[in-house]
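# Analysis of the macromolecular model
These are the residues of each chain, in order.
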Amino acid sequence: MKRAYGLSVAILLIVSSGGVALGQAPKKTAAEQEDVAGTVAILDHVWLDAAHNHDGETAAWLFADNFVEIHPGGFLVSKQQQVDMISNTQLGDLAIQSTDIQVRYASPDVAVLTDKTTIRGKQGETSYDGQYRVMRVFAKQHGRWRAAGAGIARITAAP
Amino acid sequence: MMRHIQVGILVLILGFAIPAMGQTKSAGDLAGGVDWKALDHKWLDSERTGDLDYLEKFFADSYVLVRADGQSYTKKEWLGILRGPDRPTLLTLDPEDIQVHVFGNVAILTDHTTIKGHDSKGKSMDGEYNVFRVVIKQNGIWRATGVVMNPDLTKK
């Protein structure tokens, strides 16, 4: 019985994915919008956990091939550079926490969110202590959500 | 023979489809059939000259601006500033080194923007910034949905 149920779910997933892949986009519903928001909010945490844990493998899985990020100070990095930084345990540990996650835009294949990220720690000679306003962009590619890029600005303005 | 033709067609389709999913180009190129350099210049020219009718249409309702001090503004808030007595005077708003990363219905533009001008109280706003810009395709039209500015410290 369990097996039959599992098989049904698998077939349903394949069929529904196939419909989207063939360009037969289902009508957007409020529930689907909420699902996108929920999914990318989780991916936001996956992203930060990967950075905290020096988990380059997860970062490489999450980042799209032409991922781009602008760090505070205007430093522009590619996917490979960002994955290398995350993987490098010599750079030291950062405590990273995101709050105030706001999904600014969500469609079936694009999501843009902002959050407030608090970082504590040093990497090399650089101290990252502080709060940052971050914009993260996600795009659905080949049926899977990938991180397309991020822009990060240090919060220096008085609240 | 037929099988070879089918494989050839498949290779051609994949050859076109895969680059279209994730393109990184200098903005002089027409990635996705869009002149990204012109789009970026039109955007900033409109902010400099106060073409608010254009900006009202070009900014998506989801638009959010994060300035270099981390302060964020929604579309309504930012256009309110540009319309109001506190609007800044922008003499130069010039994007260079525009790069585009296209992901289907969203594109990320990065550029180096030079700003010369002052706020409503006369305080200088001169600076060099590396900027992260996000545009989305809605009903076939590309619209701005986000900006994050950073002071360019890369040459210091």
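Quick note: structure is the one above.
Described below are features of the structure shown in this document. Fair warning: this is a prediction, and the values are worked out from it, not measured in the lab. (Residues numbered from 1 in each chain as written. Chains lettered and ligands numbered in written order. Predicted model: local features only at pLDDT ≥ 70, side-chain atom pairs only at ≥ 80, totals over all residues. Heavy atoms only, no water.)

### A short note on the environment of D61(B)
Residue and element names in this part refer to chain B. Mapped onto the fold, D61 is located in strand β2 (residues 59–66). The spatial distance from the C-alpha of D61 to the C-alpha of T145 is 7.6 Å, given a sequence separation of 84 residues. Side-chain polar atoms of D61 contact the side chain of K75, separated by 3.5 Å. (Helix = DSSP H or I, 4+ residues; strand = E, 2+ residues; numbered from the N terminus. Polar contact = N/O pair within 3.5 Å; in protein donor to acceptor, adjacent residues only side chain to side chain.)

### Concerning the nonpolar core
W36(B), L39(B), W43(B), F59(B) and V135(B) are the most contacted members of the largest nonpolar core, which totals 31 residues. Residue assignment for this core shows that the elements contributing at least two residues are α2 (36–49), α3 (52–58), β2, α4 (75–83), β4 (89–103), β5 (106–118), β6 (127–138) and β7 (141–151) of chain B. Considering every element that reaches this core, the biggest residue donor is β4(B), with five residues. Membership of the second largest hydrophobic core comes to 22 residues, among which are F63(A), F67(A), W145(A) and A147(A). (Core = buried A, V, L, I, M, F, W, Y, C linked by side-chain atoms within 4.5 Å. Buried < 20%, exposed > 50% of the residue type's maximum accessible area, 1.4 Å probe, protein only.)

### Points about the interface of chain A and chain B
Counting residues at the interface gives 34 residues for chain A, matched by 38 residues for chain B. Carbon and sulfur atoms supply 68% of the area buried between chain A and chain B, which totals about 2,600 Å² over both sides. Together, N66(A), R104(A) and M135(A) form the three largest contributors to the area buried by chain A at its contact with chain B, with a combined 22%. Inspection of the region where chain A meets chain B yields zero salt bridges. Linking chain A with chain B are seven residue pairs in polar contact (both at pLDDT 80 or more). The dominant element in the side of chain A that touches chain B, judged by the number of residues it contributes, is strand β8 (residues 144–154) of chain A, at seven residues. Classifying every residue of the side of chain A that touches chain B by side-chain character gives 19 nonpolar, 10 polar and five charged. (Contact = heavy atoms within 4.5 Å. Buried area = accessible area lost by both parts, 1.4 Å probe. Salt bridge = Lys/Arg side-chain N within 4 Å of Asp/Glu carboxyl O. Nonpolar A, V, L, I, M, F, W, Y, C, P; charged D, E, K, R; others polar.)

### Looking at the pairing of β6(B)
All names here are of chain B. In terms of residue burial, β6 counts as a mostly covered element, since nine of its 12 residues are buried. Bridge count for β5 against β6 is 10 bridges, and the pairing is antiparallel. Among the inter-strand pairings, V106 is bridged to a residue of β6, identified as I136. (Pairing = 2+ DSSP bridges.)

### Details of α2(B)
Residue and element names in this part refer to chain B. Taking 1.5 Å as the rise per residue, α2 with 14 residues should run 20 Å; its terminal C-alpha atoms sit 20 Å apart, in good agreement. Buried residues of α2: W36, L39, D40, W43, L44, S46 and E47, and no others. Projected down its long axis, α2 shows its buried positions confined to an angular sector of 155°, all on one face. Following α2 by one or two positions, G50 adopts a phi angle in the positive range, close to 75°. (Expected span 1.5 Å × (residues − 1). Arc of directions from axis to C-beta.)

### Some words on the side chain of H112(B)
Residue and element names in this part refer to chain B. Mapped onto the elements, H112 comes out in strand β5. A relative accessible area of 9% means that H112 is categorised as buried. A polar atom in the side chain of H112 sits 3.1 Å from the side chain of D152. With sequence-adjacent residues up to four places away left out, H112 is seen in contact with D94, P95, E96, D97, E128, Y129, N130, D152 and K155.

### Overview of unusual backbone geometry
Residue and element names in this part refer to chain A. Backbone geometry at H54 places phi at a positive 55°, although glycine is not the residue there. Looking at where H54 falls in the secondary structure, it is placed in the loop between α2 (30–52) and α3 (56–62). Residue classification places H54 among the buried positions, given a relative accessible area of 14%. A positive phi is found at D100, a non-glycine position, where the angle reads about 50°. Mapping D100 onto the fold places it in strand β3 (residues 95–106).

### Section: the packing of aromatic side chains
Residues and elements named next belong to chain B. All chains considered together, the criterion is met by 11 aromatic pairs over all chains. Measuring from ring centre to ring centre gives 5.4 Å for Y54 and F58, while their planes differ by 15°; the resulting arrangement is stacked. Of the two residues, Y54 and F58 both sit in helix α3, four residues apart, roughly one turn of that helix. On the basis of relative accessibility, which here comes to 23%, the residue Y54 falls in the partly exposed class. Residue F58 is classed as buried on the basis of its relative accessible area, which comes to 5%. (Phe/Tyr/Trp six-rings, centres within 6.5 Å; stacked < 30°, edge-to-face > 60°.)

### Quick notes on the pattern of salt bridges
Residue and element names in this part refer to chain B. One pass over the full model with this rule turns up 12 salt bridges over all chains. Close ionic contact of R83 with E56 constitutes a salt bridge, the shortest N to O distance being 2.9 Å. Residue R83 is located in helix α4, and its partner E56 is located in helix α3; the two are separated by 27 residues in the primary sequence. Classification of R83 by relative accessible area gives partly exposed; the value is 46%. Judged by relative accessible area, which is 34%, E56 ranks as partly exposed.

### As for the environment of S87(A)
All names here are of chain A. Mapped onto the elements, S87 comes out in helix α4 (residues 79–87). On a C-alpha basis, the gap between S87 and G149 in space is 18 Å, while along the polypeptide they are 62 residues apart. Other than its neighbours up to four places away in sequence, S87 contacts H54 and G56. Within the structure, S87 has its side chain in polar contact with the backbone oxygen of V83 (distance 2.8 Å).

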